[in-house]
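Geometric and topological summary
Chain by chain, the residues:
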Amino acid sequence: MSNTASLTVELTPTQVRGLKLAKDGDLFPQEGNRWTHLNAQVTYAPSDRFKERPRAIKTSTTATVNQLREYGLLRELDPEVAATESAHGITMAGKMWLLKHK
């Protein structure tokens with residue numbers, strides 16, 4: 001798919017969340033068909049003084065990552081490893097899509 005075709009793709013809200021997650025950092029495979037940042041940790045709001053309400057770690061599913069890769073919005077960072085095991089990063093087309101469709 002060409003870069004101009006990538007910009008005209010309609011994404012679901014789940015795909016948009018996955019793309020925004022990739023914009024924040026490279027996605028790595030985790031257990032249970034989930035993808036997230038390499039050293040993702042549970043965080044707390046600055047106002048949560050006693051750390052009673054943890055924020056969930058943001059993840060994306062394997063299906064979403066595969067769809068975004070097919071659209072040309074994500075790319076494999078290590079092409080010598082299988083796509084299901086390689087880290088994925090956002091492409092310039094993905095960044096442009098986010099700028100255009102905020």
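Reading the values: rules and limits
Residues take numbers from 1 onward in each chain, read along the sequence in its written order. Totals for whole chains, interfaces and linings use every residue, but because this is a predicted model, local features are given only for residues with pLDDT of at least 70 and side-chain atom pairs only at 80 or more, for both listing and counting. Each side-chain value is derived from all of the structure's non-hydrogen atoms; neither hydrogens nor water enter the calculation. Note on conventions: DSSP H or I runs of at least 4 residues are helices, E runs of at least 2 residues are strands, and numbering of each starts at the N terminus. The classification of residues rests on relative accessible area computed with a 1.4 Å probe and restricted to protein chains. Under 20% of the type maximum is buried, over 50% is exposed, and intermediate values are partly exposed. Contacts are assigned to residue pairs with any non-hydrogen atoms lying within 4.5 Å of each other. Charged-residue counts in this description rest on Lys and Arg as positive and Asp and Glu as negative, His and the chain ends being excluded. In plain terms, the charge of a residue is placed at NZ if it is Lys, CZ if Arg, CG if Asp and CD if Glu. As used in this record, nonpolar core signifies buried Ala, Val, Leu, Ile, Met, Phe, Trp, Tyr and Cys residues forming a set joined through side-chain atoms within 4.5 Å.

1. Structural notes on the overall build of the protein
Along the protein, the regular secondary structure elements total 4 helices and 7 strands. In terms of its C-alpha atoms, the protein occupies a principal-axis envelope of roughly 50 × 30 × 20 Å. By residue count, 30% of the 102 residues in the protein fall in the buried class. Considering only contacts within the protein whose residues lie at least 6 apart along the sequence, 49% involve residues at least 24 apart. Of the charged side chains in the protein, 14 are positive and 11 negative; the average position of the first set lies 11 Å away from that of the second.

2. Quick look at the nonpolar core
Counting 16 residues, the largest nonpolar core has Leu-11, Leu-19, Leu-73, Leu-74 and Trp-97 as its most contacted members. With residues near it in sequence (within four places) discarded, Leu-11 still touches Val-16, Leu-19, Leu-68, Tyr-71, Leu-73 and Trp-97.

3. Things to note about unusual backbone geometry
At Asn-33, a residue that is not glycine, the phi angle is positive and equals roughly 55 degrees. Mapped onto the fold, Asn-33 is located in the loop between strand S1 (28–30) and strand S2 (34–36). Even without glycine at this site, Lys-51 takes up a positive phi of about 50 degrees. Its place among the elements puts Lys-51 in the loop between strand S3 (43–44) and strand S4 (54–55).

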